[in-house]
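Geometric and topological summary
Residue-level listing of the chains:
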Amino acid sequence: MASRVYRIGEAAKILNVKTSVLRFWESEFSQIRPKRTETGQRYYSEKDMQILKKIHTLLYQEGMTINGAKRTLKGSAAPLANEITLPLEQNTLLAEEYPLENNSTYKETLHEVFCELKQLHNLLETK
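Report on the accompanying structure. (Residues numbered from 1 in each chain as written. Predicted model: local features only at pLDDT ≥ 70, side-chain atom pairs only at ≥ 80, totals over all residues. Heavy atoms only, no water.)

Secondary structure summary: the chain contains 7 helices and 3 strands in total. Along the chain, from the amino end to the carboxyl end, the secondary structure elements read β-α-α-β-β-α-α-α-α-α. Of all intrachain contacts in the chain linking residues separated by at least 6 positions in sequence, the fraction that spans at least 24 positions is 50%. (Helix = DSSP H or I, 4+ residues; strand = E, 2+ residues; numbered from the N terminus. Contact = heavy atoms within 4.5 Å.)

Structure, rendered in structure tokens:
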């Protein structure tokens, strides 16, 4: 059974981005490699679409930069949105250098600040 393929216009519509954004992501993320016809038409596989959705989530919902999204995608083959952690939570050296009596309170506070920054970023992005 052949898997579904998506033309660039279909993929852009599903992700609610312009086709130029998808072409840019192709140049930035080595994980995206659509098949091309002899005429150059792009066909995205289901795997490509999963990666594109992940990139979209990282950039638009998590507020990451292109470089941050690249690092996250290189960290695992296909990380899920709920597996994304704050960068400081992953930094064990920081925790060793600055031990905290109540690490869970620190993480909660850091997460609250992160969420507020994402909201501010989204507000500024819409203006």
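Here we come to the nonpolar core. Counting residues in hydrophobic clusters, the biggest one holds 19 residues, and the most contacted among them are L22, W25, F29, I32, Y44, L52 and I55. Listing elements by their share of this core, those giving two or more residues are helix 1 (8-15), helix 2 (19-28), helix 3 (46-61) and helix 4 (66-75). Per-element tally for this core: the top contributor is helix 3, with 6 residues. Those residues in contact with L22, other than ones at most four positions away along the chain, are I8, A11, A12, L15, V17, Y44 and L52. (Core = buried A, V, L, I, M, F, W, Y, C linked by side-chain atoms within 4.5 Å. Buried < 20%, exposed > 50% of the residue type's maximum accessible area, 1.4 Å probe, protein only.)

To continue, consider the environment of E62. Along the chain, the position of E62 falls in the loop between helix 3 and helix 4. Overall, E62 belongs to the buried group, its relative accessible area being 17%.

Moving on: the sheet that holds strand 1 (residues 6-7). Strand order in the open sheet formed by 3 strands is 1-3-2, with antiparallel pairing between adjacent strands. For this open sheet the edge positions go to strand 1 and strand 2 (35-36), each flanked by a neighbour on one side alone. In this sheet, strand 3 (residues 42-44) lies alongside strand 1 in antiparallel orientation, the contact comprising 2 bridges. When the sheet's bridge partners are listed, Y6 is paired in strand 3 with Y44. (Pairing = 2+ DSSP bridges.)

Time to look at the pattern of salt bridges. Scanning all chains against the criterion turns up 4 salt bridges. For the salt bridge of R36 with E26, the shortest nitrogen-to-oxygen distance reads 3.6 Å. You can see R36 sitting in strand 2 and its partner E26 sitting in helix 2, a full 10 residues away along the chain. For K70, the salt bridge goes to E28, with nearest N and O atoms at 2.9 Å. Pair noted here: K70 is in helix 4 and E28 is in helix 2, with a separation of 42 residues, a long-range link. (Salt bridge = Lys/Arg side-chain N within 4 Å of Asp/Glu carboxyl O.)

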